[in-house]
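# Results of the structural survey
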Amino acid sequence: MKIPAMIAAELRRLTATRMSVIALVALMLVPVLYGGLYLWANQDPYGHFSEVPVALVDLDEGSGTGSDAAQYGSQVSQQLIDGHAFDWRAMSAADAATSLHEGTVDFIVTIPSDFSAALVSSGGSAPRQATIGLQTNDANNYLASTIGTQAVEKIRRSVAELVGQEAASRLLGGLADIRAQLVQASDGATTLADGAAQVAGGSTTLAQGTAALAQGAGTLTDGANQVAAGATQVADGARRVSAGTATLDGYADRAASAGQQVVAALPQARADIATLLADRGVDQATIDRVLAALDPIGDAAVTGNNRLQAAVSQVDQLASGAAQVAAGAAQVSAGATQVAGGAGSLRDGADQAAAGAATLASGAGQVAGGASQLRDGLASGVQAIPDTDAATRDAQAKTISDPVAVSSSAQTSAGDYGAGLAPFFAALAGWIGIYALFLIVKPISRRAVTALRSPVRVTIAGWLTPALLGSVGMVALFGVLSFALGFRFANPLGTLGILMLASFTYAAIILALNVWLGSVGQFVGLVLMVLQLVTAGGTFPWQTLPAPLAALHHVLPMGYVVDAMRQLMYGGDLARVGTDISVLLLWLGGALALAAVGVTRMTHRRTLRDLQPSLIG
């Protein structure tokens, strides 16, 4: 019996009755029902989040008053409602808790009463983080809780961006004010630098002048000391002259007194002489002649006395003048001594003034240098702060609050969530379809085995029947994915070819299991499906699997079907497709060879298992 005849015989058996046809068609459509319905239900779940009911509880009491008032809670609530990311429902805390318990909402987002106060606390002495409450109920839906966590994280980022933008706006506004003040300070510093330069020049001149003053004061001190010494000598001489003239004045006074006594005694002496002569008997004429001879002597005595009195008067004046000269010389000497002392003090003060003027000149130079540095520093500070207008500062604040934008690029793109899962569920649907077909398809024709036909032809006929029927189901699934669900295929023919190759490979594997293990092999096929369900890497990357399961990923065929479909469906690396096809062909060839060996064993000897009816089919 040839292969087509064996296939035709099996098909006639499968379509012998109406119920058989219905059963066959139903099993052939298992991949369509499994893959199509699942992918249809999950084609774009993220696009329908706006229909997910979420309770929004705003308890924020705001912060501050007047111009400092902040009400971030209402801003965030309004942004969420306007964004329509979810079906936001504003509720009280009690109503939200009841709705979550009853399943009316999937989760609750709560903005606490101190939300605004916490956000603005960063500018105070007790900064703290603001919190956003998330309350979930896994009894409603576990994934809803996961979605809620992601939603709250997005809210946190948007709030951080809002607050950061306002803070950056205030900062940039403050910098603009600082820049204006720095411009004024820079102008003042320029004036200060000019004045400091003038002060430095004046202090240098002052230092030079005080140095000259100190030198002149030294010369003056020396001269004053010499004058004081001379004045002392003069005072001593004047004192001696005054003493001599005082002695002379005493003598003169005594001489004047004696001369005055002589003159005063002359009349009495003249009278006594006249009396004496008269007593002696001298006549009056002789007496007169004697007296006349003596009168010139008396006149000379009077004249001498007058001259003596005049000389004594001059001596008195001389003595008085000498005393005055001596007193004046003493005063001059004392004054000269004071002048000498003052000149010394002047010299010391001039020296100190010169030293202070030198220090002042040095300090003034430093002040001038510092003023220049201040001027240059302020000018540099002004240049370092950009001169921006309000619009530019708003743009800068937005950039500061959200400095990083994600620029996404993809070498390949699935399009949506359903298309991303399509390779995995299509590959899994192919296995389920083949597995279901083997529930009614006889793996090996007993009749051909009994007739001792060629084991290879019997194996190929037993393989092609479910493989072809499974391929029809995969073609139908491809049609549903392409037209009903609208998935795009970068290489549609290649994708269809991989689906059909997967069906042929799966059929060969399950055939070999049935040939060698019978009904147990059918169970092993179920176990292999479960293993490949978790190791194919259809949802999470296979690298996240535990090590034993990750090792199975590199061995079992479904992972290669998934990878090949991704490359062909999304427009990926065709070289990887070649590797995937090679692995599938190895599984196909190996399974057929193993099945052929089993059929050969069945044609040469029988076992009790071969005579017993199968538990399945």
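Everything in this summary refers to the structure shown in the same document. (Residues numbered from 1 in each chain as written. Predicted model: local features only at pLDDT ≥ 70, side-chain atom pairs only at ≥ 80, totals over all residues. Heavy atoms only, no water.)

### Description of the overall build of the protein
Formally: The secondary structure listing takes helices from DSSP runs of H or I that are at least 4 residues long and strands from runs of E that are at least 2 residues long, numbered from the N terminus. Relative accessibility thresholds used throughout: buried, under 20% of the residue-type maximum; exposed, over 50%; partly exposed, between the two (1.4 Å probe, protein chains only). Pairs of residues are marked as contacts when any of their non-hydrogen atoms sit within 4.5 Å. The Shrake-Rupley method, run with a 1.4 Å probe sphere, supplies the accessible areas, and residue values consider only the shown protein chains as cover.
For the protein, the count of helices and strands is 18 helices and four strands. Taken across its 617 residues, the protein has 37% of its residues classed as buried. In the protein, the proportion of contacts linking residues at least 24 apart, taken out of those at least 6 apart, comes to 81%. Split by element, the accessible area of the protein, about 33,300 Å² in all, is 61% carbon and sulfur.

### Some remarks on the nonpolar core
Worth spelling out the cut-off: Here, the term nonpolar core denotes a set of buried Ala, Val, Leu, Ile, Met, Phe, Trp, Tyr and Cys residues that are joined through side-chain atoms within 4.5 Å.
Membership of the largest hydrophobic core comes to 66 residues, with the highest contact counts inside it found for Trp 431, Trp 463, Phe 487, Tyr 506 and Leu 511. Looking at this core, the elements with two or more residues in it are α10 (417–437), α12 (455–484), α13 (492–517), α14 (519–535), α16 (558–570) and α17 (574–604). Considering every element that reaches this core, the biggest residue donor is α13, with 15 residues. Among the nonpolar cores identified, the runner-up in size contains 20 residues, and Val 52, Tyr 72, Leu 119 and Ile 155 belong to it.

### Let's talk about α14
Convention followed: In this scheme, a helix's expected span is set at 1.5 Å multiplied by one less than its residue total.
A rise of 1.5 Å per residue sets the reference length of α14, with its 17 residues, at 24 Å; its end C-alpha atoms lie 25 Å apart and thus fit the reference within 8%. What α14 keeps buried is the set Ser 519, Gly 521, Gln 522, Gly 525, Leu 528, Met 529, Gln 532 and Thr 535. In this structure, the buried residues of α14 make contact with α10, α13, α15 (547–553) and α16.

### What to know about a nonpolar patch on the surface
In plain terms, the rule: Each patch is built from salt-bridge-free residues with over 30% relative accessible area, joining like charges within 9 Å and nonpolar side chains (Val, Leu, Ile, Met, Phe, Trp, Tyr) within 5 Å. The rule for a salt bridge is simple: a side-chain nitrogen of Lys or Arg has to be within 4 Å of a carboxyl oxygen of Asp or Glu.
Side chains of Trp 516, Leu 517, Val 520, Leu 594 and Val 597 sit close together on the surface and give an oily, nonpolar patch of about 410 Å² of accessible area. Residue assignment for the nonpolar patch shows that the elements contributing at least two residues are α13 and α17. Leu 594 sits in the partly exposed class, given a relative accessible area of 44%.

### Comments concerning the pattern of salt bridges
Here the structure, examined in full by the defined rule, presents four salt bridges. Between Arg 128 and Asp 114 there is a salt bridge whose closest N-O contact spans 4.0 Å. Here Asp 114 lies in the loop between β3 (107–111) and α6 (115–120) and Arg 128 lies in the loop between α6 and β4 (133–136), a separation of 14 residues in the sequence. We classify Arg 128 as partly exposed; its relative accessible area is 42%. Overall, the relative accessible area of 34% leaves Asp 114 in the partly exposed class. The partner of Arg 156 in a salt bridge is Glu 153, with the nearest N and O atoms 2.8 Å apart. Taken together, the residues Arg 156 and Glu 153, both in helix α7 (residues 142–279) and three residues apart, mark about one turn of the helix. Note on Arg 156: relative accessible area 43%, which makes it partly exposed.

### Things to note about the packing of aromatic side chains
Going by this rule: For Phe, Tyr and Trp, rings pair up if their centres lie within 6.5 Å, where Trp contributes its six-membered ring, and each pair is then called stacked (planes under 30 degrees apart), edge-to-face (over 60) or tilted (otherwise).
The final tally for this structure, using the stated rule, is six aromatic pairs. Judged by centre distance (4.9 Å) and plane angle (65°), the ring pair of Trp 431 and Tyr 506 falls under edge-to-face. On the criterion of sequence distance, the pair formed by Trp 431 in helix α10 and Tyr 506 in helix α13 is long-range, its members being 75 residues apart. Neither Trp 431 nor Tyr 506 differs from the other in exposure class; each is buried.

### Re α10
The test is simple: One fitted axis covers the seven residues ending at a residue, a second covers the seven starting there, and the bend at that residue is the angle between these axes.
An ideal rise of 1.5 Å per residue puts 30 Å on 21 residues; α10 measures up with 30 Å between its terminal C-alpha atoms. Along α10, the largest kink reaches about 40° and is centred on Pro 423. With respect to burial, α10 is a largely interior element, 19 of its 21 residues being buried.

### Let's talk about the packing of α10 against α14
Convention followed: Structural elements are reduced to axes, namely lines fitted to C-alpha atoms, with helices fitted over the stretch in contact, and the angle between N-to-C directions of any two is expressed from 0 to 180 degrees. Here roughly perpendicular refers to angles of 65 to 115 degrees, roughly parallel to angles under 35, roughly antiparallel to angles over 145, and oblique to all remaining angles. Residue polarity is assigned by list, with Asp, Glu, Lys and Arg as charged and Ala, Val, Leu, Ile, Met, Phe, Trp, Tyr, Cys and Pro as nonpolar; anything else, Gly included, falls into the polar class.
Close contact between α10 and α14 brings their axes to 11 Å; oriented N to C, the two are set at 175°. One element, α10, and the other, α14, form an angle in the roughly antiparallel class. Across the interface between the two elements, Phe 424, Leu 428, Trp 431, Ile 432 and Tyr 435 of α10 pack against Gln 522, Gly 525, Leu 526, Leu 528, Met 529, Gln 532 and Leu 533 of α14. Tallied by class, residues from the contact of α10 with α14 come to nine nonpolar, three polar and no charged.

### A word on the packing of α12 against α13
Here is the rule: Two helices cross in a left-handed way if the nearer one is turned anticlockwise from the farther one by less than a right angle. They cross in a right-handed way if the turn is clockwise.
Close contact between α12 and α13 brings their axes to 8 Å; oriented N to C, the two are set at 145°. Relative to α13, α12 is oriented so that their crossing is right-handed. Between α12, through Thr 459, Gly 462, Trp 463, Leu 464, Pro 466, Ala 467, Leu 468, Gly 470, Ser 471, Met 474, Val 475 and Phe 478, and α13, the contact on the second element is made entirely by Pro 492, Thr 495, Leu 496, Leu 499, Met 500, Ser 503, Phe 504, Ala 507, Ala 508 and Leu 511. Residues that form the contact of α12 with α13 fall into these classes: 16 nonpolar, six polar and no charged.

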